[in-house]
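# Fold and contact review
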Amino acid sequence: MEKRKEVFSWIKAILIAVILAFLIRTYIFAPIVVDGESMMPTLQDHERIVLTKFGTNIDNIDRFDIVVFHATVDKDYIKRVIGLPGDHIEYKDDTLYINGKAYEEPYLDKYKNQMASGVPLTESFKLEDITGSMTVPEDQLFLMGDNRQNSLDSREIGTISVDEIVGKANLVYWPINEIKIVK
C-alpha cells in the first residue's frame, strides 16, 4: 500500500510538471531558432532566442521591438517593428523618417560602416509607394529586417496584422558565449 502511494505521488508530480511546461511554452515563453540572415548583425543565423508570447496586442508592441510573426501557414519570420498604426514611413538618403521625424537606428551602424561610400544600406522609399496607403493601417505593423539588403519584409509583403504576431524576442541564450538581451 505504501509503495502504491509513492508511485501515485510520483505520477502526480510528473503530470503536474508536464502540464505546467505545456502551459508555459504555449502561453508565456517559447524557444525559437533564428533561421536566416535577415536580422544580422543583431541576430545571427541559428542563434536560439527566448520569445515572450504574452503582451502581443497593439498596446504592448513598441517601435523597434523585434517580433516573430506567422508569414505563411508553416513559416514564421523574425523582424523589427518600424511602423505602428497611423505612422507614415519614409527612407531617404539611408535615414528613417517616421511622421516626418528622422530616427537613428544604431543597430544598423555596423552594416552602414561596411557600405561603400555613397551606397545606401536601405534604399529610399515611401510607405505609399509600397502599400498604396499613406499610413500604416489600424492593427497592422510595418516590419523590416536589420539586414536591409537581404530581408524579405514589409517592403515586399506589406504590413503585418498584429493578430499574426507570435511574440517578442527578449534574450539570445545560445550559443552560450553570445548570451545577450535582444534590442
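Computed from a predicted model, the values in this text were never measured in an experiment. (Residues numbered from 1 in each chain as written. Predicted model: local features only at pLDDT ≥ 70, side-chain atom pairs only at ≥ 80, totals over all residues. Heavy atoms only, no water.)

### Some words on the nonpolar core
Grouped together as the largest cluster of nonpolar side chains are 17 residues, with contacts concentrated most on Ile82, Ile89, Leu96, Phe125, Phe142 and Met144. When residues of this core are traced back to their parent elements, those giving at least two are β5 (89–92), β6 (95–98) and β9 (140–144). In terms of nonpolar packing, the next biggest core, distinct from the first, is built from 12 residues, Ile49, Val68, Ile78 and Val172 among them. (Core = buried A, V, L, I, M, F, W, Y, C linked by side-chain atoms within 4.5 Å. Buried < 20%, exposed > 50% of the residue type's maximum accessible area, 1.4 Å probe, protein only. Helix = DSSP H or I, 4+ residues; strand = E, 2+ residues; numbered from the N terminus.)

### Focus on the UniProt feature "active site" (unreviewed entry) in the chain
As annotated by UniProt and renumbered to match this structure, "active site" (unreviewed entry) occupies Ser38 and Lys79. A maximum C-alpha distance of 7.8 Å places the annotated residues, which cover 42 residues in sequence, within one compact spot. In this fold, serine 38 is placed in the loop between β1 (29–33) and β2 (48–52). Apart from the residues within four sequence positions on either side, serine 38 is in contact with Ile78, Lys79, Gly145, Asp146, Asn147, Asn150 and Ser151. Within polar-contact distance, the side chain of serine 38 engages the side chain of lysine 79 at 2.8 Å. Tracing the sequence through the fold places lysine 79 in strand β4 (residues 75–83). The class for lysine 79 is buried, based on a relative accessible area of 3%. Here lysine 79 is in contact with Ser38, Met39, Asp65, Ile66, Val67, Phe69, Leu143, Met144, Gly145, Ser151, Leu152 and Asp153, once residues within four sequence places are set aside. (UniProt positions renumbered as here; feature names shortened; annotations may be inferred. Contact = heavy atoms within 4.5 Å. Polar contact = N/O pair within 3.5 Å; in protein donor to acceptor, adjacent residues only side chain to side chain.)

### Considering a negative patch on the surface
Taken together, the side chains of Glu138, Asp139, Asp163 and Glu164 make up a negatively charged region of the molecular surface. Aspartate 163 gets classed as exposed once you look at its relative accessible area, which sits at 70%. (Patch = residues over 30% accessible without salt bridge, like charges linked within 9 Å, V, L, I, M, F, W, Y side chains within 5 Å. Areas by Shrake-Rupley, 256 points an atom, 1.4 Å probe, with all protein chains shown as cover. Salt bridge = Lys/Arg side-chain N within 4 Å of Asp/Glu carboxyl O. Lys, Arg positive; Asp, Glu negative; His and termini not counted. Charge placed at Lys NZ, Arg CZ, Asp CG, Glu CD.)

### A closer look at the sheet that holds β6
As summarised here, the arrangement of the four strands in space is β7-β6-β5-β8, forming an open sheet in which the pairing is antiparallel. Of all the strands in the sheet, just β7 (101–103) and β8 (125–126) have a single pairing partner and so form its edges. Direction of pairing for β5 relative to β6: antiparallel, over a ladder of four bridges. Within the sheet, the bridge partner assigned to isoleucine 89 lies in β6 and is isoleucine 98. (Pairing = 2+ DSSP bridges.)

### Here's the deal with the pairing of β9
In terms of residue burial, β9 counts as a mostly covered element, since five of its five residues are buried. Residues Gln140, Phe142 and Met144 line one face of β9 and the alternating positions Leu141 and Leu143 line the opposite face, and both faces are buried. As paired elements, β4 and β9 share three bridges and run antiparallel to each other. In the sheet register, valine 81 faces β9, and the bridge partner there is leucine 143. By the bridge criterion, two bridges tie β9 to strand β10 (residues 160–161) in an arrangement that is antiparallel. What sits directly across from glutamine 140, in β10, is serine 161.

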